[in-house]
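Descriptive structure summary
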Amino acid sequence: MEAWRCVRRGYGRCVVGRGRYSMFPHHPKSLGGDWTTPWENLQRCCWNRHISSCMRWPGHYSRAPYPYFSSRHFSLKWRPPCLFASSTQFPYCNWRADHLNQTSLIHLSSYVMNAEGDEPSSKRRKHQGMIKRNWEYVCNHNKENAKILGDKNVNPECEDSENKFDFSVMSYNILSQDLLEDNSHLYRHCRRPVLHWSFRFPNILKEIKHFDADVLCLQEVQEDHYGKEIRPSLESLGYHCEYKMRTGRKPDGCAICFKHSKFSLLSVNPVEFYRRDIPLLDRDNIGLVLLLQPKIPCADSPAICVANTHLLYNPRRGDIKLTQLAMLLAEISSVAHQKDGSFCPIVMCGDFNSVPGSPLYSFIKEGRLNYEGLAIGKVSGQEQSSRGQRILSIPIWPPNLGISQNCVYEVQQVPKVEKSDGDLTQTQLEKTEVLVTAEKLSSSLQHHFSLSSVYSHYFPDTGIPEVTTCHSRSAITVDYIFYSAEKEDGAGHPGAEVALAGGLKLLARLSLLTEEDLWTVNGLPNENNSSDHLPLLAKFRLEL
């Protein structure tokens with residue numbers, strides 16, 4: 001990394017690795033993730049100096065018209081004069097040193113070479129290789145014997161075998177092509193061919209086919225791609241697709257797709273987080289809530305509520321994120337509410353743009369949040385410092401949103417009919433007013449669901465964080481699958497809750513990876529994984 005920083009700042013390193021000296025009289029120019037400098041600068045300034053660590057790593061950006069150099073071709077005692085011999089030939093190209101002129105450019109890699117080889121020592125570029133992810137099976141659904149079995153190729157026998165409905169759910173942010181191109185700085189580590197939609201979509205479809213989930217919750221689904229390619233392809237695989245596009249200019253949205261053979265559709269409920277009359281809600285994120293009926297001919301099974309969303313990214317607007325989440329929870333509460341006052345099983349998926357352990361994440365899992373004195377940049381956990389940030393207001397959202405601090409739609413005031421001795425008078429309200437109660441003044445948010453996360457977010461043996469998204473700027477967890485379950489208190493670590501009777505049982509989950517794992521295949525996207533997010537996948541059991 002030190003040598004890399006030196007190159008970017010226009011400094012070189014001596015042979016023994018100590019000290020700095022000016023490498024170029026002028027700053028090099030950026031070329032994607034790498035740098036270029038005129039050949040005469042290198043000729044003038046690199047005489048008798050070790051430059052093998054600055055040479056281009058062979059095999060990358062093969063489209064470049066200029067030659068590649070590496071420590072494979074030059075030793076530490078190499079001197080530039082041999083480069084000027086017109087007869088000098090390089091074994092891997094038909095280029096000769098006398099082709100260089102005063103305007104020629106040398107390409108300098110932004111990666112550092114190991115002393116023992118040509119592979120970079122930081123965020124190594126590997127164009128080949130598959131990410132290995134294993135199924136982790138959860139068995140023995142009781143407090144004493146509950147455990148997660150790691151790399152098992154055979155599905156272990158679970159204790160439940162009768163009166164059950166098993167199904168699988170995938171949540172996948174597939175990376176909108178428009179967003180990829182608008183944020184190209186996040187993908188400087190990628191070879192350009194792997195970023196083209198014509199390359200990416202077959203890979204994404206291949207993943208979906210391979211995992212064959214019963215329910216798909218997709219985020220960043222671009223509208224034109226959805227209509228022309230994604231929907232037709234998924235329908236040919238036996239899925240019914242529902243889609244909600246964002247309300248603004250960004251042409252992407254969320255989709256929920258389910259297998260015809262497993263479910264029938266009861267209702268579709270889109271949620272728009274943008275409200276013209278509320279200044280706080282000026283962002284165009286959306287949610288989508290479906291009510292699905294399992295196809296079980298011999299049983300009267302409850303419906304399953306499936307929700308999908310992509311919350312606002314901005315790390316400094318936790319007030320908007322919490323309000324968007326409250327709107328989604330209010331819609332889920334309305335859709336999942338049953339006649340007996342209980343809620344049907346719920347699966348809530350999406351990119352929540354919040355990290356594990358953050359106030360927003362804790363609110364989802366614990367069902368309550370006291371936000372008094374909480375800085376808006378601390379809500380999602382993406383901001384390390386709250387310096388200079390304002391505190392969340394009480395209440396966060398205005399009364400005319402129509403959602404209570406319990407994250408349900410508020411009961412509207414009903415006009416009453418009053419009778420007098422001889423005259424019939426009716427109290428008329430020209431405008432229906434939302435009932436404002438004393439609980440609005442509280443700084444506590446609540447919701448009525450008992451939600452668990454499919455993933456634990458940390459590897460139990462090492463404590464290393466799991467990662468769901470990885471690009472040039474960061475590698476963190478922001479994607480989740482939450483499901484309704486009764487929790488056992490006193491669990492040893494986050495994510496160790498056990499689903500008991502009365503909720504969904506988690507049978508298995510597809511393992512996640514560490515940041516180090518992902519950089520061994522050059523991060524995301526790469527040749528085999530065509531989004532900057534990993535797909536999340538879980539298998540559930542519904543007791544009948």
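Residues numbered from 1 in each chain as written. Predicted model: local features only at pLDDT ≥ 70, side-chain atom pairs only at ≥ 80, totals over all residues. Heavy atoms only, no water.

On to the nonpolar core, then. Ranked by internal contacts, the top residues of the largest apolar core, which has 64 residues, are Phe167, Val215, Leu216, Leu234 and Phe540. Residue contacts for Leu216: discarding those within four places in its chain leaves Met170, Ile208, Leu234, Tyr239, Ala255, Ile256 and Cys257. Ala326, Ile332, Leu369 and Tyr480 belong to the second largest nonpolar core, which has 47 residues in total. (Core = buried A, V, L, I, M, F, W, Y, C linked by side-chain atoms within 4.5 Å. Buried < 20%, exposed > 50% of the residue type's maximum accessible area, 1.4 Å probe, protein only. Contact = heavy atoms within 4.5 Å.)

Once that is clear, we can look at the side chain of Asp479. Relative to the elements of secondary structure, Asp479 occurs in strand β23 (residues 479-484). Arg133 provides the closest opposite charge to the buried, salt-bridge-free Asp479, at an N-O distance of 9.7 Å. A polar contact is formed between the side chain of Asp479 and the side chain of Thr468, at a distance of 2.8 Å. For Asp479, the contacting residues outside a window of four places in its chain are Asn173, Gln219, Gly350, Asp351, Thr468, Thr469, His533 and Leu536. (Helix = DSSP H or I, 4+ residues; strand = E, 2+ residues; numbered from the N terminus. Lys, Arg positive; Asp, Glu negative; His and termini not counted. Salt bridge = Lys/Arg side-chain N within 4 Å of Asp/Glu carboxyl O. Polar contact = N/O pair within 3.5 Å; in protein donor to acceptor, adjacent residues only side chain to side chain.)

Attention now moves to the sheet that holds strand β12 (residues 263-272). An order of β12-β13-β14-β15-β23-β20 is seen for the six strands of this open sheet, with the pairing classed as mixed. Edge positions in the sheet fall to β12 and β20 (451-453), since each has one partner strand and no second. Neighbour to neighbour, the strand axes of the sheet diverge by 20° on average, direction disregarded. (Pairing = 2+ DSSP bridges. Axes fitted to C-alpha atoms, helices over the stretch in contact; angles between N-to-C directions.)

With that settled, the discussion passes to the confidence of the model for the chain. Looking at the chain, pLDDT values average 77 and 63% of them are 70 or higher. Of the regions scoring below 50 in pLDDT, residues 489-501 engages in 30 contacts with residues more than four places distant in sequence or in other chains. (pLDDT = per-residue confidence, 0-100.)

What follows deals with the packing of aromatic side chains. Under the counting rule described, the total for this entry stands at 14 aromatic pairs. Judged by centre distance (5.6 Å) and plane angle (80°), the rings of Phe352 and Phe482 are edge-to-face. Highlighted residues: Phe352 in the loop between β15 (346-351) and α7 (359-366) and Phe482 in strand β23, separated in sequence by 130 residues. Neither Phe352 nor Phe482 differs from the other in exposure class; each is buried. Three or more aromatic residues link up through ring pairs in this structure, and these residues are Phe165, Phe167, Phe263, Tyr483 and Phe540. The ring of Trp135 has Lys539 lying over it, and the distance from NZ or CZ to the ring centre is 4.3 Å. (Phe/Tyr/Trp six-rings, centres within 6.5 Å; stacked < 30°, edge-to-face > 60°. Lys NZ or Arg CZ within 6 Å of the ring centre and 35° of its normal.)

This part covers the pattern of salt bridges. If the charged atoms of two oppositely charged side chains come close together, the side chains can form a pair. A full pass over the atoms with the stated rule returns 14 salt bridges. The partner of Glu527 in a salt bridge is Arg191, with the nearest N and O atoms 2.9 Å apart. Here Arg191 lies in the loop between α3 (177-182) and α4 (197-211) and Glu527 lies in the loop between α8 (515-519) and β25 (536-543), a separation of 336 residues in the sequence. The exposure class assigned to Glu527 is buried, which follows from its relative accessible area of 12%. What makes Arg191 partly exposed here is its relative accessible area of 26%. A network of salt bridges, in which partner residues are shared, links Lys164, Asp166 and Arg541.

So, on to the environment of Gln324. If you trace the backbone, Gln324 turns up in helix α6 (residues 318-336). Separated by 53 residues in the primary sequence, Gln324 and Val271 have C-alpha atoms spaced 9.4 Å apart. Sequence-distant contacts of Gln324, that is, excluding residues within four places in its chain, are made with Phe273, Arg283, Asn285, Leu311 and Leu312.

The omega angle of the peptide bond from Ile394 to Pro395 is -5°, so this bond is cis rather than trans. The omega angle of the peptide bond from Leu524 to Pro525 is -10°, so this bond is cis rather than trans. Residue placement: Pro525 occurs in the loop between α8 and β25. Unusually for a residue other than glycine, Glu220 sits at a positive phi of about 55°. By the element assignment, Glu220 lies in strand β9 (residues 215-222). A positive phi is found at Asn522, a non-glycine position, where the angle reads about 70°. Mapped onto the fold, Asn522 is located in the loop between α8 and β25. Judged by its relative accessible area of 3%, Asn522 is buried.

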